[in-house]
Amino acid sequence: MAETFQFELVSPDRLLLSEAVTAAVVPGSEGEFGVGAGHSPFLSTMRPGVVRATGANGDQHAYFVRGGFADVSASGMTVLAEQAIPMSEIDAAYLDQQIQNAEEDLADAKDDIERQKAALVLSQLQEIKAAL
Amino acid sequence: MASLKDLKNRIASVKATQKITKAMQMVAAAKLRRAQESAEASRPYAERMGAVLSNLASGVQGRDDAPKLMAGTGKEQVHLLLVCTAERGLCGGFNSSIAKLAREHAKKLIAEGKTVKIVTVGKKGFDALKRDLGQHIIEKIELTDKNVEYSSVKQIADKILTMYDEEKFDVCTLFYSKFRSVISQIPTATQIIPATFDAEDDQAAAGENALYDYEPDEQEILETLLPRNISVQIYSAILENAASEQGARMSAMDNATRNAGEMINKLTLSYNRQRQAQITKELIEIISGAEAL
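Residues numbered from 1 in each chain as written. Chains lettered and ligands numbered in written order. Predicted model: local features only at pLDDT ≥ 70, side-chain atom pairs only at ≥ 80, totals over all residues. Heavy atoms only, no water.

Engineer: Help me understand the domain arrangement of chain A in this model?
Structural biologist: It is common to report an interface's size as the accessible area lost on association of the parts. Residue and element names in this part refer to chain A. Taken as a whole, chain A is organised into domain 1 (5–87) and domain 2 (91–131). Computed from C-alpha atoms alone, the centre-to-centre distance between domain 1 and domain 2 is 23 Å. Every contact between the two is made by 8 residues of domain 1 and, on the other side, 8 residues of domain 2. Together domain 1 and domain 2 conceal approximately 610 Å² of surface at their shared face, both sides included; 64% is due to carbon and sulfur atoms. Sorting the residues of domain 1 by area buried against domain 2 places Arg47, Pro48 and Phe64 first, and these three jointly supply 61% of that buried surface. Along the contact surface separating domain 1 from domain 2 lie 0 salt bridges. Among the residues making up the side of domain 1 that touches domain 2, the classes are represented as 4 nonpolar, 2 polar and 2 charged. (Domains from an automatic or database assignment. Contact = heavy atoms within 4.5 Å. Buried area = accessible area lost by both parts, 1.4 Å probe. Salt bridge = Lys/Arg side-chain N within 4 Å of Asp/Glu carboxyl O. Nonpolar A, V, L, I, M, F, W, Y, C, P; charged D, E, K, R; others polar.)

What follows is the structure, given as structure tokens:
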């Protein structure tokens, strides 16, 4: 059996997941990255996307997160998400709503930096929808 | 001496009041459980956030290019007090103890010649502070939602951050009541801007810090994390407040119910006594009337 490490996913409202996992894949702001046991200490911000973790007994966990950051330390890994929802509770309608919001943000953006950010969020959301 | 009818009315009205306080106590107890759960659920996030931040901060502290939210504006002249209280009264000393703490803090700062600005969250805090510190209150925010959402708290935080960016204040302190148990809530003041970290955490973190990899770089992460930390702190303060409020209301209403019970007992006793006295009086009148014949 593969080595495990402590994985925690928390959002401001609650602790969603806390258990020993063998691997986790997180949508970092500069690309997805995977984490295994004994990973070197690492801190990254996240973009909207899907956090996946494989439990010690082979369970698959998937959560949709909207930004936040991931902290890997010697004691384990903590994902602090601005908002996190189990993938099983997500459907196309929810994503459509999010995409619509992002489109509005894009239309409201005042300067180039904001526009760029909004466009990025929008493209990421569309990507997730396509993958669903 | 009150007449029999008066006493009867008093007893009825105290009984009605007791029913109300009893109902309020039970409602508060039910709400307390939910509020307590969400307050406790928000703690891990705030704790992790604090740990990660102090980890990061120990690396940046003392550097000239440290973010403004951490290093401060270099002045201490204008203080912003963010006073979080409840929307409703009838919860014992809950609102007044937060207001008292804030008032003392404000008075001290004014005596030192500092400028004080106050933002109140919740109607009761505004009511309590408007009389003697009314001219310092720059904004009052009311939380009309039943359940506080992170997104609505974020708006408050954004407002404060914009004010900070515009250099409208130098130091921000958050006032709220920490929930310890139903009978004990502790009014607390926490400085949120510039951010402060426990020295103990820093030392523990410093050892690990050297090995950390950052993506994107340290500076950028800190810049996104610090504003988020502000909203998380305010959010957990408001959740703690909600739990404290219900706890305070529960014990206040419990006391009120018990007092009403005592009062009913006393009133019933004097009612019965008076009734007995009247019967005796009537009997004496009849007997002495018969004897006179």
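Engineer: Please clarify how the interface of chain A and chain B should be interpreted in this entry.
Structural biologist: Taken together, the 26 residues of chain A in the interface contact 23 residues of chain B. A combined buried area of about 2,100 Å² lies between chain A and chain B, and 61% of that area is made up of carbon and sulfur atoms. At the junction of chain A and chain B, the tally comes to 2 salt bridges. For the salt bridge of Arg48 of chain B with Glu8 of chain A, the shortest nitrogen-to-oxygen distance reads 2.4 Å. Taken together, the connections running from chain A to chain B amount to 2 residue pairs in polar contact (both at pLDDT 80 or more). (Polar contact = N/O pair within 3.5 Å; in protein donor to acceptor, adjacent residues only side chain to side chain.)

Engineer: Could you clarify how one ought to interpret the sheet that holds strand β4 (residues 171–181) of chain B in this entry?
Structural biologist: Remark on secondary structure: sheet strands pair via backbone hydrogen bonds, oriented parallel or antiparallel. Residue and element names in this part refer to chain B. Here we have 5 strands laid out as an open sheet, ordered β3-β2-β1-β4-β5, and mixed in their pairing. With partners counted over all chains shown, the strands left at the sheet margins are β3 (137–141) and β5 (184–193), one partner each. Here the average twist between neighbouring strands, direction ignored, is 20°. Across 9 bridges, the pairing between β4 and β5 is antiparallel. Paired with Thr173 across the bridge in β5 is Gln191. (Pairing = 2+ DSSP bridges. Helix = DSSP H or I, 4+ residues; strand = E, 2+ residues; numbered from the N terminus. Axes fitted to C-alpha atoms, helices over the stretch in contact; angles between N-to-C directions.)

Engineer: For this particular structure, what's the right way to read the pattern of salt bridges?
Structural biologist: Two side chains with opposite charge may pair up if their charged atoms get near one another. Residue and element names in this part refer to chain B. If you walk through the whole model with that rule in mind, you get 11 salt bridges over all chains. Measuring nitrogen to oxygen at the nearest pair gives 3.2 Å for the salt bridge that ties Glu245 to Arg249. Of the two residues, Glu245 and Arg249 are both situated in helix α7 (residues 218–292); the distance of 4 residues between them amounts to about one turn of the helix. Relative accessible area serves as the criterion here: at 3%, Arg249 is assigned to the buried category. Linking Asp254 and Arg258 is a salt bridge whose minimum nitrogen-to-oxygen distance equals 2.6 Å. Remark: Arg258 and Asp254 occur in helix α7; sequence separation between them is 4 residues, near one turn of the helix. The class for Asp254 is partly exposed, based on a relative accessible area of 27%. (Buried < 20%, exposed > 50% of the residue type's maximum accessible area, 1.4 Å probe, protein only.)

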